[in-house]
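Each chain, letter by letter, is given below.
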Amino acid sequence: MSKWFLKPLSGSERPEAALDYAKRMFAGFYSLSSKLVVNHTAEKFITSDNPCVFYNVLTERIGCDKGCHVNSVGLIIILPISPEMSIIFYDDAVYKFGDKKTRVIELKDSSDAIELNKLQLVSAEQNVYFLSTASDPVKYHGSAKKHYRTKKSTLSRKQISLVLMPRESISKLA
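Described in the following lines is the structure provided in the data block. The residue numbering used here restarts from 1 in each chain and proceeds along that chain's sequence as written. Local features in this predicted model are restricted to residues of pLDDT 70 or higher, and side-chain atom pairs are both shown and tallied only at a pLDDT of 80 or more, whereas totals for entire chains, interfaces and linings draw on every residue. Side-chain calculation: all heavy atoms of the structure are included, whereas hydrogens and water are not.

### Some thoughts on the nonpolar core
To keep things clear, this is the line we draw: The criterion is simple. A nonpolar core is a set of buried Ala, Val, Leu, Ile, Met, Phe, Trp, Tyr and Cys residues joined through side-chain atoms within 4.5 Å. Whether a residue is buried, partly exposed or exposed follows from its accessible area with a 1.4 Å probe, protein chains only, as a fraction of its type maximum: under 20%, in between, or over 50%, in that order. Think of it this way: any DSSP run of H or I at least four residues long counts as a helix, any run of E at least two long counts as a strand, and we number them from the N terminus.
In terms of nonpolar packing, the biggest core is built from 15 residues, with Val37, Phe45, Ile76, Ile78 and Leu107 touching the most fellow members. Elements that contribute at least two residues to this core include exactly strand 3 (53-55), strand 4 (76-80), strand 5 (85-90), strand 6 (104-107) and helix 3 (110-123). By size, the runner-up hydrophobic cluster in this structure holds 6 residues, among which are Leu121, Ala124, Val128 and Phe130.

Here's what the structure looks like:
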């Protein structure tokens, strides 16, 4: 018979510390505005094994590498929910997305969809998922390199697994 030993928790391991951290994070998250992005272009959204992209144009432009946490001024969070839709959370004190009167952005320019897909590509750990070969993310891998963060591993084309998702598989997930 083996004995089980419980080690006392201390410091950041304590549940209270985790709850305090969560409270601080929620305050920052709730300060963000949100919009639904509806993609009407032929360039469909891709996703990855790390689909929630934290991005900060503001800190990127000033050369600061510490601006992608929930309480950062200028934070943008992008989460694709289908090949045609994505949710964007943003700091409305810094950015303006679409018309202020509506919560939906109708995306009609494929270059905008490509830029969002580039961010998804650099956020991927190992797998990128896309609906059709028309949305093959390999074609913009090279131009996406400028978005790689220095602390995040920079994957080469050969290291990323590209997974073509049939539409039937996507509907089963919903």
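### Observations concerning the packing of aromatic side chains
This is how the line gets drawn: Here is the rule: rings of Phe, Tyr and Trp (six-membered ring for Trp) pair when centre to centre is within 6.5 Å. Planes less than 30 degrees apart are stacked, more than 60 are edge-to-face, and the remainder are tilted.
Scanning the entire structure with this criterion turns up 2 aromatic pairs. When the centroid spacing of 4.8 Å and the interplanar angle of 70° are considered together, the rings of tyrosine 90 and phenylalanine 97 count as edge-to-face. Judged by its relative accessible area of 7%, tyrosine 90 is buried. Between the aromatic rings of tyrosine 95 and phenylalanine 97, the centroid separation amounts to 6.0 Å while the plane-to-plane angle is 45°, which identifies the pairing as tilted. Here the aromatic residues Tyr90, Tyr95 and Phe97 are joined through ring pairs into a cluster of three or more.

### Some details on the sheet that holds strand 5
Spelled out, the test is: Two strands pair under a simple rule: DSSP has to find at least two bridges between them. Every axis corresponds to a line fitted to the C-alpha atoms, with the helix fit spanning only the stretch in contact, and the corresponding angles, defined between N-to-C directions, vary from 0 to 180 degrees.
One open sheet accounts for 5 strands, arranged 3-4-5-1-6; its pairing is mixed. One side of each edge strand has no neighbouring strand; the edge strands of this open sheet are strand 3 and strand 6. Strand-to-strand, the axes of this sheet are offset by a mean angle of 25°, without reference to chain direction.

### Looking at helix 3
Put simply, the rule reads: How far a helix is expected to stretch is found by multiplying one less than its residue total by 1.5 Å.
With 14 residues, helix 3 extends 20 Å from end C-alpha to end C-alpha; this agrees with the ideal 20 Å at 1.5 Å per step. Within the sequence span of helix 3, burial applies to Ala113, Leu116, Asn117, Lys118, Leu119, Gln120, Leu121, Val122 and Ser123.

### What to know about the pattern of salt bridges
The condition is simple: Throughout this description, the term salt bridge denotes a Lys or Arg side-chain nitrogen within 4 Å of a carboxyl oxygen of Asp or Glu.
Applying the stated criterion across every chain yields a total of 1 salt bridge. Between lysine 118 and glutamate 115 there is a salt bridge whose closest N-O contact spans 3.0 Å. One end of the pair is lysine 118 and the other is glutamate 115, both in helix 3 and 3 residues apart, which spans about a single turn. When its relative accessible area of 9% is taken as the criterion, lysine 118 is described as buried.

### Considerations on the pairing of strand 4
Most of strand 4 is tucked away: 4 of the 5 residues are buried. Here strand 3 pairs with strand 4 via 3 bridges, running antiparallel. Across the sheet, the residue bridging to tyrosine 55 is isoleucine 76, located in strand 4. Alignment of strand 4 against strand 5, held across 5 bridges, turns out to be antiparallel. Bridging from a neighbouring strand, leucine 79 pairs with isoleucine 87 of strand 5. Connecting strand 4 to the next strand, strand 5, in antiparallel fashion are 4 residues.

Interpretation in functional terms is not warranted from these geometric data alone.
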